[in-house]
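Here are the chains, one letter per residue:
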Amino acid sequence: MSNLELEQQLLSLDLEERIRILQLLAQSLTVPRASQPSRSPDELDLTRDRSPEHPLRGIPMTIPPDFDEPMPELWDASEQ
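Residues numbered from 1 in each chain as written. Predicted model: local features only at pLDDT ≥ 70, side-chain atom pairs only at ≥ 80, totals over all residues. Heavy atoms only, no water.

### Describing the overall build of the protein
Stage number 1. Looking only at helices and strands, one finds three helices and two strands in the protein.
Stage number 2. Starting at the N terminus, the α and β elements of the protein follow one another as α-α-β-β-α.
Stage number 3. Accessible surface, the protein: about 7,500 Å² in total, of which carbon and sulfur atoms supply 59%. (Helix = DSSP H or I, 4+ residues; strand = E, 2+ residues; numbered from the N terminus. Areas by Shrake-Rupley, 256 points an atom, 1.4 Å probe, with all protein chains shown as cover.)

This is how it looks when you write it as structure tokens:
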């Protein structure tokens, strides 16, 4: 398969699938495949620079799908 064909196939994927492929490629450049932990797509890898000053870096972080939805009740409460 040529690079052009591969590029066309990648661009035909939806955004979520392209992001997952991009994450996989980035991980393959930094961590050997055999030592990669299996994570869900919502978890970030913060263990790369593990040190005593950063004890929370080993904890997986999951971002809920509604994290950026508007919260009008919060604005209403702040006006009172």
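That shown, we press on.
### Things to note about a nonpolar patch on the surface
Stage number 1. The grouping of Met-1, Leu-6, Leu-10, Ile-21 and Leu-25 at the surface amounts to a nonpolar patch, some 450 Å² of accessible area in total.
Stage number 2. Listed by contribution, the elements that provide at least two residues to the nonpolar patch are helix H1 (3-12) and helix H2 (15-30).
Stage number 3. Take Ile-21: it is sitting in helix H2.
Stage number 4. Overall, Ile-21 belongs to the partly exposed group, its relative accessible area being 30%. (Patch = residues over 30% accessible without salt bridge, like charges linked within 9 Å, V, L, I, M, F, W, Y side chains within 5 Å. Salt bridge = Lys/Arg side-chain N within 4 Å of Asp/Glu carboxyl O. Buried < 20%, exposed > 50% of the residue type's maximum accessible area, 1.4 Å probe, protein only.)

### So, the confidence of the model for the protein
Stage number 1. Residue-level pLDDT values for the protein average 78, and 72% of them are 70 or greater.
Stage number 2. At the low end of the mean pLDDT range in the protein sits strand S1 (residues 43-44), at 63; at the high end sits H1, at 89. (pLDDT = per-residue confidence, 0-100.)

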